[in-house]
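Residue strings, one per chain:
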Amino acid sequence: MTATIIDGKAIAARIRADLALEVAALREKTGRVPGLATVLVGENPASQAYVSSKRKACAELGIESFGHEMPASIGQADLEALVRDLNANPAVNGILVQLPLPGGLDEEAVLSTISLEKDVDGFHPINIGRLNMKGRPPLFVPCTPLGCLTLLEDAGVHISGADAVVVGRSNIVGIPMAALLRNHDATVTVCHSRTRDLPAKVRQADIVVAAIGRPEMIRGDWLKPGAVVIDVGINRIADASKKSGSRLVGDVAFEEAREVAGAITPVPGGVGPMTIAMLLQNTVTSFKRAHGL
Ligand code: GUN
């Protein structure tokens, strides 16, 4: 079997195009546009690149972005004061504090300061708590897991009743992903570095979400034939055949997996573009709620 490739880049482009039209219509109707505040602390190059692409995506859609770049030496109280200012600013509909924060800062305290109504990353402990409870929908769902769910839905995957394995238990991806799949009636197993016989666990799965951050760790012969594979990993590995000397790979050995899976996301061009599309979508949702629309 050769797997269907789930084209996240194309799906994200479609979502962004629809959002651009919606933003234009909202501007017409309200005389305002949605606003996203980004808070970047320190000089982590990956975080700088992520925030810059998020702001660029906002600009393309007509969403206003407010960039706040703070030194790694900022104090906890000053960072929380910045968040409170953004909470009070009516032009800001979403607040994104890029993670990880530099050492010494209390991440949970910062995330708890974000107004629930502006928590477009869905990382506020109350939103995460609600996501993990039955019948208590959060105001926002974290962007990467929401992007994965959107890819599954777009590919017509039956989630209800499916056996899903999430490999990785981070607060940003694995934990909210497992909750989201469970809320869609999948039977979910969360695997991690202490899991015994990981290949056997993965082999049970109709849906595999790989979010471990280890290049090509999940092999083709770990998969149940026909399984749907969502690869969240973005790992740079050496490749002498490339001009740059390196290339990006996921957490799944793509070439092997595509021979066994029913459908699979590529890296790059799978989950990555969806994260930003979902952030934009959450920001537009927040704007509409703020305006009673
Ligand atoms: N760091 C890695 N992914 C994310 C994300 O989706 N949002 C934020 N705020 N930080 C991140």
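Preceding this paragraph is the structure being described.
I will try to describe carefully the structure that is included in this document. Starting from 1, residues in each chain are numbered consecutively following that chain's sequence as written. pLDDT decides what is reported in this predicted model: residues at 70 or higher carry local features, side-chain atom pairs at 80 or more are listed and counted, and totals for whole chains, interfaces and linings draw on all residues regardless. The basis for every side-chain value is the complete set of non-hydrogen atoms in the structure, without hydrogens or water.

**What to know about the overall build of the chain**
Of the regular secondary structure elements, the chain holds ten helices and eleven strands. Two things to know: the radius of gyration comes from C-alpha atoms, and the globule rule equals 2.2 Å times the number of residues to the power 0.38. For the chain, whose C-alpha radius of gyration is 19 Å, the value lies close to the compact-globule estimate of 19 Å for 293 residues. Overall, the chain is about 50 × 40 × 40 Å in size when its C-alpha atoms are taken along their principal axes. Exposure is judged per residue with a 1.4 Å probe applied to protein chains only, and the accessible area is read against the type maximum: over 50% gives exposed, under 20% gives buried, and values in between give partly exposed. In the chain, which comprises 293 residues, the share counted as buried stands at 48%. Contacts were defined at the residue level, with two residues in contact if any of their heavy atoms lie within 4.5 Å. Considering only residue pairs separated by 6 or more positions, the chain has 68% of its internal contacts joining residues 24 or more positions apart. Asp and Glu are treated as the negative residues and Lys and Arg as the positive ones, with His and the ends of the chain left uncounted. Just so you know, the charge point we use is NZ for Lys, CZ for Arg, CG for Asp and CD for Glu. The positive charge centre, built from 30 side chains, and the negative charge centre, built from 31, are 2 Å apart in the chain. Secondary structure elements are taken from DSSP: a helix is a run of H or I of four residues or more, a strand is a run of E of two residues or more, and numbering for both begins at the N terminus.

**Here we look at unusual backbone geometry**
With an omega dihedral of 0°, the bond running from leucine 99 to proline 100 counts as a cis peptide bond. Tracing the chain through its elements places proline 100 in the loop between strand 4 (94–97) and helix 4 (107–113). With an omega of -5°, the peptide bond running from valine 267 to proline 268 counts as cis. In this structure, proline 268 sits in the loop between strand 11 (263–264) and helix 10 (272–290). For aspartate 185, which is not glycine, the phi dihedral falls at a positive 70°. Tracing the chain through its elements places aspartate 185 in the loop between helix 7 (174–183) and strand 6 (187–191).

**Re helix 6 (residues 143–154)**
Relative to the 16 Å expected for twelve residues at 1.5 Å per residue, helix 6 spans 16 Å between its end C-alpha atoms, a close match to the ideal helical length. Along helix 6, ten of the twelve residues are buried, which leaves the element largely enclosed by surrounding structure. Among all positions in helix 6, only Cys143, Thr144, Pro145, Leu146, Gly147, Cys148, Leu149, Thr150, Leu151 and Leu152 are buried. Packing partners of the buried residues in helix 6 comprise helix 1 (8–30), helix 7, strand 7 (207–210), strand 8 (228–231) and helix 10. Where helix 6 terminates, the next one or two residues include glycine 156, which has phi positive at roughly 75°. For a helix, the expected span equals 1.5 Å multiplied by the number of residues minus one.

**So, the pairing of strand 6**
Sheet topology places strand 5 (residues 163–167) next to strand 6; five bridges connect them, and they run parallel. Within strand 6, the residue paired with valine 167 across the bridge is cysteine 191. One requirement defines pairing of two strands: DSSP has to find at least two bridges between them.

**Some remarks on the pairing of strand 2 (residues 35–41)**
In terms of burial, strand 2 is largely enclosed, as seven of its seven residues are buried. Neither face of strand 2 is open: one carries Gly35, Ala37, Val39 and Val41, the other Leu36, Thr38 and Leu40, and all of them are buried. Pairing analysis gives seven bridges linking strand 2 to strand 3 (residues 64–70), with the strands arranged parallel. Paired with threonine 38 across the two strands is glycine 67, which belongs to strand 3. Here the term right-handed applies to a crossover when the path leading from its first strand over the helix to its second strand runs clockwise, the strands being oriented away from the viewer. Where the polypeptide runs from strand 2 across helix 2 (residues 45–61) and back to strand 3, its parallel neighbour, the crossover connection is right-handed. Sheet analysis places strand 2 next to strand 4, joined by four bridges and oriented parallel. Among the inter-strand pairings, threonine 38 is bridged to a residue of strand 4, identified as leucine 96.

**Quick word on the packing of aromatic side chains**
Aromatic ring pairs are reported here in terms of the distance separating the ring centres and the angle at which the planes meet. Any pair of Phe, Tyr and Trp rings, taking the six-membered ring for Trp, is counted once the centres come within 6.5 Å. Such a pair is stacked with planes under 30 degrees apart, edge-to-face with planes over 60 apart, and tilted for the rest. Inspection of every chain in the model, using the stated rule, returns zero aromatic pairs. Either the NZ atom of lysine or the CZ atom of arginine qualifies as a charge over a ring when it sits within 6 Å of the ring centre and within 35 degrees of the ring normal. Positioned above the aromatic ring of phenylalanine 140, the side-chain terminus of arginine 289 is 4.9 Å from the ring centre.

**A short note on the site of the ligand**
Whether a residue is near a molecule or strand is decided by its heavy atoms; if any one of them lies within 4 Å of it, the residue is near. As a structural note, the neighbourhood of the ligand is formed by Lys54, Leu96, Val97, Gln98, Leu99, Asp121, Phe123 and Ile172. Think of a polar contact as two N or O atoms within 3.5 Å of one another; within protein, one of them needs to be a possible hydrogen donor and the other a possible acceptor, and neighboring residues in sequence only count if both atoms come from side chains. Here a nitrogen atom of the ligand sits 2.9 Å away from a polar atom, N or O, in the main chain of valine 97. Within the contact set of the ligand, a nitrogen atom lies 2.6 Å away from a side-chain nitrogen or oxygen of aspartate 121. Here the open area of atoms and residues is found with the Shrake-Rupley method and a 1.4 Å probe, where only the protein chains shown may cover a residue. A total of 280 Å² of accessible area belongs to the ligand in isolation, and the protein chains cover 85% of it. When each cavity is represented as a set of grid points, the ligand is found to reside in the largest pocket. Counted by class, the shell around the ligand contains five nonpolar, one polar and two charged residues. Using a grid of 1 Å spacing that covers the protein atoms alone, one calls a set of points a cavity when a 1.4 Å probe fits there but cannot get out, and a pocket when the set is open and has protein on both sides within 12 Å along at least five of seven lines; lining residues are those with an atom within 4 Å of a point. More than half of a molecule's atoms within 2 Å of the grid points is what it takes for that molecule to sit in a cavity or pocket. Classification used: nonpolar for Ala, Val, Leu, Ile, Met, Phe, Trp, Tyr, Cys and Pro, charged for Asp, Glu, Lys and Arg, polar for all others including Gly.

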